[in-house]
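Working through the structure, step by step
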Amino acid sequence: MVKSALVVCAVAGALGVAGCSGMSEDLKQNRGQTVGTAGGAVAGGAIGSAVTGGSTLGTLGGAAIGGVAGNQVGKEYDKNHPR
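Just so it is clear, the structure is predicted and the values come from calculations on it, not from any experiment.

Each helix and strand counted, the protein has four helices and zero strands in total. Of the regular secondary structure in the protein, the N- to C-terminal order runs α-α-α-α. The 83 residues of the protein split such that 29% are buried. Per element, the accessible surface of the protein, about 5100 Å² overall, is 70% carbon and sulfur.

Applying the stated rule across the entire model yields one salt bridge. Ionic pairing is found between Glu76 and Lys79, a salt bridge with its closest N-O pair at 3.5 Å. Of the two residues, Glu76 and Lys79 both sit in helix H4 (residues 56–80), three residues apart, roughly one turn of that helix.

It is worth spelling out the environment of Thr52 at this point. Checked against the element boundaries, Thr52 lands in the loop between helix H3 (31–51) and H4. For Thr52, the residues in contact, after removing those within four places along its chain, are Gly58 and Thr59.

Once that is clear, we can look at H3. A rise of 1.5 Å per residue sets the reference length of H3, with its 21 residues, at 30 Å; its end C-alpha atoms lie 29 Å apart and thus fit the reference within 8%. Directly beyond the C-terminal end of H3, a positive phi value near 70 degrees is found at Gly53.

Helix length check: H4, at 25 residues, gives a terminal C-alpha distance of 36 Å against a target of 36 Å (1.5 Å per residue), a fit within 8%. Of all the residues in H4, the buried ones are Gly58, Thr59, Gly62, Gly66, Gly67, Gly70, Asn71, Gly74 and Asp78. Of the surrounding elements, those touching the buried residues of H4 are H3.

Running from N to C, H3 and H4 cross one another at 150 degrees; their axes reach a closest spacing of 6 Å. The angle between H3 and H4 places the two elements in the roughly antiparallel class. In the crossing of H3 with H4, the sense of the turn from one axis to the other is right-handed. Contact with H3, carried on its side by Arg31, Gly32, Gln33, Gly36, Thr37, Gly40, Ala41, Gly44, Gly45, Gly48 and Ser49, involves Gly58, Thr59, Gly62, Ala63, Gly66, Gly67, Gly70, Asn71, Gly74, Lys75, Tyr77 and Asp78 of H4 and no other residues of that element. By residue class, the composition of the contact of H3 with H4 is three nonpolar, 17 polar and three charged.

What follows deals with the confidence of the model for the protein. Averaged over the protein, the pLDDT score is 82; the fraction of residues at 70 or greater is 66%. Taken element by element, the protein is modelled with least confidence in helix H1 (residues 2–18), mean pLDDT 61, and with most confidence in H4, mean pLDDT 95.

Analysis parameters
Residues numbered from 1 in each chain as written. Predicted model: local features only at pLDDT ≥ 70, side-chain atom pairs only at ≥ 80, totals over all residues. Heavy atoms only, no water. Helix = DSSP H or I, 4+ residues; strand = E, 2+ residues; numbered from the N terminus. Buried < 20%, exposed > 50% of the residue type's maximum accessible area, 1.4 Å probe, protein only. Areas by Shrake-Rupley, 256 points an atom, 1.4 Å probe, with all protein chains shown as cover. Salt bridge = Lys/Arg side-chain N within 4 Å of Asp/Glu carboxyl O. Contact = heavy atoms within 4.5 Å. Expected span 1.5 Å × (residues − 1). Axes fitted to C-alpha atoms, helices over the stretch in contact; angles between N-to-C directions. Parallel < 35°, antiparallel > 145°, perpendicular 65-115°, else oblique. Left-handed = near helix turned anticlockwise from the far one by under 90°. Nonpolar A, V, L, I, M, F, W, Y, C, P; charged D, E, K, R; others polar. pLDDT = per-residue confidence, 0-100.

In structure tokens:
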């Protein structure tokens, strides 16, 4: 169960990062924020799933918390590394 959740999270993360290649110039300025959000959501979902034994609520909660945390880290990265 956990293994399948990790595979789903990995595929979702790969698709999210791959989608960044077609972004407009405005969105490319915030690429760290976008990648941070996607990566944080994937990692948070995987951790939430593992901690709660595969619970849907735990996976979604972990993804939400991870997405918010990743967004903030990415925003800070973009601020410190202007393009």
